[in-house]
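# Structure assessment
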Amino acid sequence: MEEIIKRYNELVELINKYDYYYYVLDNPLVSDAEYDELKRELLEIEKKYPFLIRADSPSQRVGFAPSKEFRELPHKEQMLSLDNAQNEEEISEWIKKIKRDFPEAEFILEPKFDGTSLEIVYENSILKYAITRGDGLKGEDVTNNAKTIKTIPLRLLKDVKRIDVRGEVLISKQDFKKLNEELLSKNEKTFANPRNAAAGSLRQLDPNITAKRKLTFIAWGIGYYENLDFQNQFEVLKFLKEIGFKVSEPIAICKDEKEAIEFYRKMLKERDNFPFELDGIVIKVNQFYIQNELGWTIKSPKWAIAGKFPAVERTTKVIDVIYQVGRMGIITPVAILEPVEISGAVVSRVSLHNFDIVRNLDIRIGDWVYVRRAGEVIPEITSVIKERREGNEKIIEIPKNCPVCQGQVIKDGAYYKCINLSCPAKLASHLEYIGEVLEIEGLGEATANNLVKLNLVKDIADIFYLTVADFMKLPNFAEISSRKLYNEIQKVKEGITLEKFIMMLGIPSIGKANSKALANKFKTLEKFLNCNYVELTSIGGIGHEIAMNVLKFLKDENNQRIIKKILDSGLKIVEEKKETRTSKFFYNKKVVVTGELSKFTREEVIKFLESIGAIVSNSVSRKTDYLIVGKNPGSKLQMAQKYNVKIISEEEFYEILKSEGFLQ
Ligand code: IVH
């Protein structure tokens, strides 16, 4: 038993040390596998001998049952707020005023991270309680939630009788974005900003939810303490670091307003590079004896002030919604806003990206909304203030027709797209895409744009009717280059495969793999043009939505006219030259490759598989037949296991190829 106790204590200390290095110092000491193994060993001991469980065991961070409500706990020393200085002038004034009475005053400058404040009470170095600020005198007991935050030590690194550590609970900008995306996908309410996300996550009644949110704690001060002696704030921050906390950094100590403004400007400039949102700097008189002489108002200390940065978030009203048609026909709703200035720029319109987002955020015309703009980041609406609705707000409708050409609109995943082959909004990008699909050298982005701009092309079929003289009208096109591009197009007209013809049409959801599958199924253009729902949905990878999109596209009269116009130009569809035999095993099978193979590069294996009849795609779905797995496979392997897709190892792959005579 003694051995077990010894090992158990060793494990608790080792894992806590590894957590500290990983989460607080950002300096991992062991591999994930080694860490997991130690944790597994610890949990096994705890399961067998529950009486051994220590309060600072890493297992004590999780596993608490949800509570019905939070009980209230008092702060032993009141938790006040900060007074604000709104600009550089107010900062200077405040410093100068203090210097008049205390010429020897030094100021400590810290970043002001925008989260939610928390006090953590340690007794005999062990975490006892974690209390939200509340009204400053008492807050909510969120101990079980705070324990899930890995940057909060369960035991301090030094022996301390009692200390109340104060700081900010934060969520990084990146994790905030991810969290909102996840909430959106589950149809749950999103958070307006990282501050609300941190506060909301900390105040979850179920600690298991808090544990899943990636929260961080950064210490900025202390409340009540015993048997310790500090002369100034700098010593406090140093001590907090020594006992295992992340503290607000970078900091500076200065003597006057000039240096303080310098720090303010530097932080403002670097604001966007911080993983956490900053809403200003905090300026504190460093020396405690001066702090005590200056004292407090009922709301805030007189020895500290927040130098606020311009807001990154404002509220404003949605006046209207317009629709933009982008490349490839995607229709994007754009909210027109009552103009607001956010961190130095006037914002009057924001993209709503797609109609899933409109529906999930439930944005309506006339709504008051939160708009954020952090640095160079494109402004976005983060949430709707539903409490401000008056009842006359208008639902944002999905357009039935393309706002540019009145063509038909279809749904493609999260997007709505115009399917008109001669829609001017997408013509240039469609031409560029055709250049890519048919490998027409010289038909790139600039040429495509110029052809449309000069009205030489009004629909995609026109490209097959252009003359050398037409190309010579383009900027940067002399006779030789014009003749070259003309010849390239004539070469294409001599014969392309059905697969390329289908792909060139740019039917929503019909990329390379589906074009191949359609060409394999229908064999001739005529059969494809007259296909029906049952035939389409019998193809692996083509479900209801894609089949309906194909049918709508082919039934569209304008599209029929353009397909005829392409064929009338003399373009021929020919059978693919088969350079290799097809594989019995892989023919017509949907295949995905993941990881590195020893005999092929990625491009080579895809080309090879296609040449022997496989339909290669980039992502695993229920319809995938085989996943070929090389070294260091990615998440595709898990997807394949989830969907019960047959997994073929690299060795098995070569065996199959050998048995079919493709490999020696
Ligand atoms: S010191 C007596 N230092 O800002 C209050 N606060 O707007 C002393 N905050 O409630 C606060 N970073 O939650 C201090 N480096 C920092 C801070 C900081 C963020 C928060 C804190 C406070 C709020 C006031």
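Everything below is about the structure shown above.
Here's what I pulled together on the structure shown here. (Residues numbered from 1 in each chain as written. Predicted model: local features only at pLDDT ≥ 70, side-chain atom pairs only at ≥ 80, totals over all residues. Heavy atoms only, no water.)

## Brief notes about the packing of aromatic side chains
Per the counting criterion, the structure on display carries 25 aromatic pairs. On the basis of an interplanar angle of 90° and a centroid distance of 5.8 Å, the ring pair of Phe-586 and Tyr-626 is categorised as edge-to-face. Of this pair, Phe-586 sits in the loop between helix 21 (557-568) and strand 21 (590-594) while Tyr-626 sits in strand 23 (residues 626-629); the two residues are 40 residues apart in sequence, bridging distant segments of the chain. Using a relative accessible area of 0% as the deciding quantity, one classes Phe-586 as buried. Just above the ring of Trp-368 sits the side chain of Arg-388; from NZ or CZ to the centre is 3.8 Å. Cation over ring: Lys-599 sits above Tyr-654, and NZ or CZ is 4.8 Å from the ring centre. (Phe/Tyr/Trp six-rings, centres within 6.5 Å; stacked < 30°, edge-to-face > 60°. Helix = DSSP H or I, 4+ residues; strand = E, 2+ residues; numbered from the N terminus. Buried < 20%, exposed > 50% of the residue type's maximum accessible area, 1.4 Å probe, protein only. Lys NZ or Arg CZ within 6 Å of the ring centre and 35° of its normal.)

## A word on the sheet that holds strand 24 (residues 646-649)
Strand order in the open sheet formed by four strands is 22-21-23-24, and the pairing between neighbours is parallel. The strands lining the two open edges of the sheet, one partner per strand, are strand 22 (615-616) and strand 24. Sheet topology note: the strand 21/strand 22 ladder contains two bridges and is parallel. Paired with Val-591 across the bridge in strand 22 is Val-616. Sheet contacts for helix 24 (residues 650-659): strand 23 and strand 24; angle to strand 24, the most-contacted strand, approximately 85°. (Pairing = 2+ DSSP bridges. Contact = heavy atoms within 4.5 Å. Axes fitted to C-alpha atoms, helices over the stretch in contact; angles between N-to-C directions.)

## Examining the sheet that holds strand 16 (residues 368-372)
The strand order across the open sheet built from five strands is 14-13-12-16-17, with neighbouring strands paired in antiparallel fashion. The open sheet is flanked by strand 14 (345-351) and strand 17 (380-384), the only strands paired with a single partner. Here the average twist between neighbouring strands, direction ignored, is 45°. Here strand 12 (residues 313-325) runs beside strand 13 (residues 331-342); their pairing, made up of seven bridges, is antiparallel. Note that in strand 13 the partner of Val-318 across the bridge is Leu-337.

## Let's talk about the environment of Tyr-264
Among the secondary structure elements, Tyr-264 is positioned in helix 9 (residues 257-270). The exposure class of Tyr-264 is buried, given its relative accessible area of 4%. Placed 155 residues apart in sequence, Tyr-264 and Leu-109 show a C-alpha to C-alpha distance of 8.6 Å.

## Brief notes about a nonpolar patch on the surface
Together, Met-1, Ile-5 and Phe-51 make up a nonpolar patch on the protein surface, roughly 310 Å² of accessible area in all. Topologically, Met-1 is positioned in the segment before helix 1 (2-24). (Patch = residues over 30% accessible without salt bridge, like charges linked within 9 Å, V, L, I, M, F, W, Y side chains within 5 Å. Areas by Shrake-Rupley, 256 points an atom, 1.4 Å probe, with all protein chains shown as cover. Salt bridge = Lys/Arg side-chain N within 4 Å of Asp/Glu carboxyl O.)

## Considering the pattern of salt bridges
Taken as a whole, this structure holds 43 salt bridges when the rule is applied. Taking the shortest distance from any N to any O, the salt bridge between Glu-93 and Lys-96 comes out at 4.0 Å. Here Lys-96 and Glu-93 lie together in helix 3 (residues 88-101), a separation of three residues that amounts to about one turn. Look at Lys-96 and you get partly exposed, because its relative accessible area is 37%. Members of the salt-bridge network, linked through shared partners, are Asp-362, Arg-364, Asp-367, Lys-386 and Arg-389.

## Looking at the site of the ligand
Around the ligand, 14 residues are found, and the nearest of them are Glu-110, Lys-112, Ser-117, Glu-168 and Lys-284. Here Glu-110 contributes a side-chain N or O atom positioned 2.7 Å from a nitrogen atom of the ligand. Here Lys-284 contributes a side-chain N or O atom positioned 3.0 Å from a nitrogen atom of the ligand. For the ligand, whose accessible area on its own is 530 Å², the fraction buried by protein is 89%. Going through the elements one at a time, strand 3 (107-113) and strand 10 (278-285) are the ones with two or more residues in the shell around the ligand. Element by element, the count of residues in the shell around the ligand is highest for strand 3, at four residues. When the residues that make up the shell around the ligand are grouped by side-chain class, the tally is seven nonpolar, three polar and four charged. (Near = heavy atom within 4 Å. Polar contact = N/O pair within 3.5 Å; in protein donor to acceptor, adjacent residues only side chain to side chain. Nonpolar A, V, L, I, M, F, W, Y, C, P; charged D, E, K, R; others polar.)

## Re the environment of Tyr-415
With respect to the helices and strands, the residue Tyr-415 is situated in strand 20 (residues 415-418). Overall, the relative accessible area of 35% leaves Tyr-415 in the partly exposed class. C-alpha of Tyr-415 to C-alpha of Ile-330: the two residues are 85 residues apart in sequence and 6.4 Å apart in space. Contact partners of Tyr-415, with chain neighbours within four places excluded, come to Ile-330, His-353, Asn-354 and Ile-410.

That is the geometry; function is a separate question.
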